[in-house]
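If you want the building blocks of each chain, they are given just below.
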Amino acid sequence: MIIVQAKAKKLTLAARKGNDGQLKADFAAAIQKASDQAWECAEAILTRKCRLIDETGREITLPDSVKEIYPFCVVSDHYPALALQASQYLQYQTTEVVQAPLVMDVFLLDVLAELLASPLRLLSYVRLRGAASSRLRVSHELAALGYHLNQNLWLDRTYSLAAVDESFTTDVDVAMTVRREGLPGKRTPPGILTHMEGTLYERLIMQIEHQADPGLLELGFELLSLDGEACQIIHQGLTGITAAAVRDGRPHDFTFVDDGGEAGITFHCYPFPDPLAIEHLKLHCEKRKYAERAARWFGVSVSTRGDIQFGMMYSQPWAQSGVMDKLTKGMQRPKSINIAMGVLKKEVVHMELGRNEPCMCGSGKKYKKCCLP
């Protein structure tokens, strides 16, 4: 859930001239008050002490539980160094449900909604930005967005604080100028929205964006939180198992574990419908999660074209189990990146097709008229 608390309070002339006391007073009236009211609103929602209605007056039925609430504190005026002020002055509370507030002007909200056009993309950024709130220093939120579009808001775990300069806003400014003024140029900033175009990784993301499945959305958030190398590994892994499944007609799998060991994903490719596929993947994921002691584990079944057939997610806390100890005894860890990439590259080399050969996806069409384009 996103709570947008918008304030009309503007920065006074005295504050713009550098009056420190007036600057703090204006901040308190425009941003601190908005944050406090967003907190009150979140409390009212969680305790069911309010009614939610849409623009027609119809009541909105709340779910039984709300997993995450993100407060947006939006001002209608341009505040110089707004993000820097928020990092210095803003006082707020958080819980497991209510996250740190995201402070912005209405112009940034407009850019966010346009460049991160799908709910999955927007919510993924909000999640990552909230998680980085105590570790990231920017003078304006546009720099944080620009860094995200370029580097996926990835922060090295070994550093406790990172500063992002204004140069990351350049590509965003160019893209918005092209969109607003109709000038020639790139409508989309180069980076996470462009560098995986045409890959099976992007195909996964596009499918998840169009499905209102909570489990798949969590998988989407996990995929969108990865760095560029991890995205390429997943693309190569999917390419390898789909090619191998077409070649020998048997199921193949590929497992990816993130750097911190917090989460893992097992991809299975089933070339033909199999009534036991769900149980097979279910057991595989349970064993992998237990063996890796991961907080989250995802299982995804894909067709030979890379289309999602079904998925599952496990997020229960790890607990010692004699049964699972027996099931996972002798279970090998997922292959290292270098070994896995070497194997998968060999798989792909064997699947090089001529233009007029039957396509590897099993459609019955020639390769040049099916997957080659």
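Q: I would appreciate a short explanation of the layout of surface pockets in the present structure.
A: By volume, the largest pocket amounts to about 1100 Å³. If you list the elements that add at least two residues to the lining of the largest pocket, you get helix H5 (119-131), helix H9 (214-224), helix H10 (228-248), strand S6 (252-257) and strand S8 (296-302). Among the elements that make up the lining of the largest pocket, the one with the highest residue count is H5 (five residues).

Q: Explain the packing of aromatic side chains to me, please; I cannot follow it from the model alone.
A: To describe a pair of aromatic rings, one takes the distance between the centres and the angle between the planes. Evaluation of the coordinates by the stated rule reveals four aromatic pairs. Here the aromatic rings of Tyr290 and Trp318 are separated by 5.1 Å at their centres, their planes lie at 25 degrees, and the arrangement is stacked. You can see Tyr290 sitting in helix H11 (residues 277-292) and its partner Trp318 sitting in the loop between strand S9 (308-314) and helix H12 (322-328), a full 28 residues away along the chain. Trp318 sits in the partly exposed class, given a relative accessible area of 28%.

Q: Before we go on, may I ask you to explain the pattern of salt bridges in this structure?
A: Scanning the entire structure with this criterion turns up 15 salt bridges. Note that Glu114 is salt-bridged to Arg179, the shortest N-O span being 3.2 Å. With Glu114 in helix H4 (residues 106-115) and Arg179 in helix H7 (residues 170-181), the pair connects residues that are 65 residues apart, well separated along the chain. One salt bridge in this structure joins Glu209 and Arg121, with 3.8 Å as the shortest N-O distance. On the criterion of sequence distance, the pair formed by Glu209 in helix H8 (residues 200-209) and Arg121 in helix H5 is long-range, its members being 88 residues apart. Among the residues examined, Glu209 registers a relative accessible area of 25% and is labelled partly exposed. A network of salt bridges, in which partner residues are shared, links Lys67, Glu68, Arg127 and Glu218.

Q: Teacher, can you tell me more about the packing of H4 against H7 here?
A: Each pair of packed helices gets described by two things: the angle between the helix axes and the distance between those axes. Packing of H4 against H7 leaves a shortest axis separation of 12 Å and a crossing angle of 80 degrees. One element, H4, and the other, H7, form an angle in the roughly perpendicular class. Note on element contacts: H7 touches H4 through Val172, Met176, Arg179 and Arg180, opposite Asp110, Val111, Glu114 and Leu115. Grouping the constituent residues of the contact of H4 with H7 by class yields four nonpolar, no polar and four charged.

Q: I'm lost on the sheet that holds S8 in this one. Help?
A: Across a sheet, strands are paired by hydrogen bonds formed along the backbone, either parallel or antiparallel in direction. An order of S6-S7-S8-S9 is seen for the four strands of this open sheet, with the pairing classed as mixed. Bordering the open sheet on either side are S6 and S9, each of which pairs with just one other strand. Here the average twist between neighbouring strands, direction ignored, is 15 degrees. As defined by bridge partners, strand S7 (residues 263-269) adjoins S8 across seven bridges and the pair is classed as parallel. Looking across to S8, one finds that Ile265 is bridged to Phe298.

Rules used throughout
- Residues numbered from 1 in each chain as written.
- Predicted model: local features only at pLDDT ≥ 70, side-chain atom pairs only at ≥ 80, totals over all residues.
- Heavy atoms only, no water.
- 1 Å grid on protein atoms, 1.4 Å probe; cavity = no way out; pocket = protein on both sides within 12 Å on 5 of 7 lines; lining within 4 Å.
- Points joined across faces, edges and corners; volume = space filled by probe spheres on them.
- Helix = DSSP H or I, 4+ residues; strand = E, 2+ residues; numbered from the N terminus.
- Phe/Tyr/Trp six-rings, centres within 6.5 Å; stacked < 30°, edge-to-face > 60°.
- Buried < 20%, exposed > 50% of the residue type's maximum accessible area, 1.4 Å probe, protein only.
- Salt bridge = Lys/Arg side-chain N within 4 Å of Asp/Glu carboxyl O.
- Axes fitted to C-alpha atoms, helices over the stretch in contact; angles between N-to-C directions.
- Parallel < 35°, antiparallel > 145°, perpendicular 65-115°, else oblique.
- Contact = heavy atoms within 4.5 Å.
- Nonpolar A, V, L, I, M, F, W, Y, C, P; charged D, E, K, R; others polar.
- Pairing = 2+ DSSP bridges.

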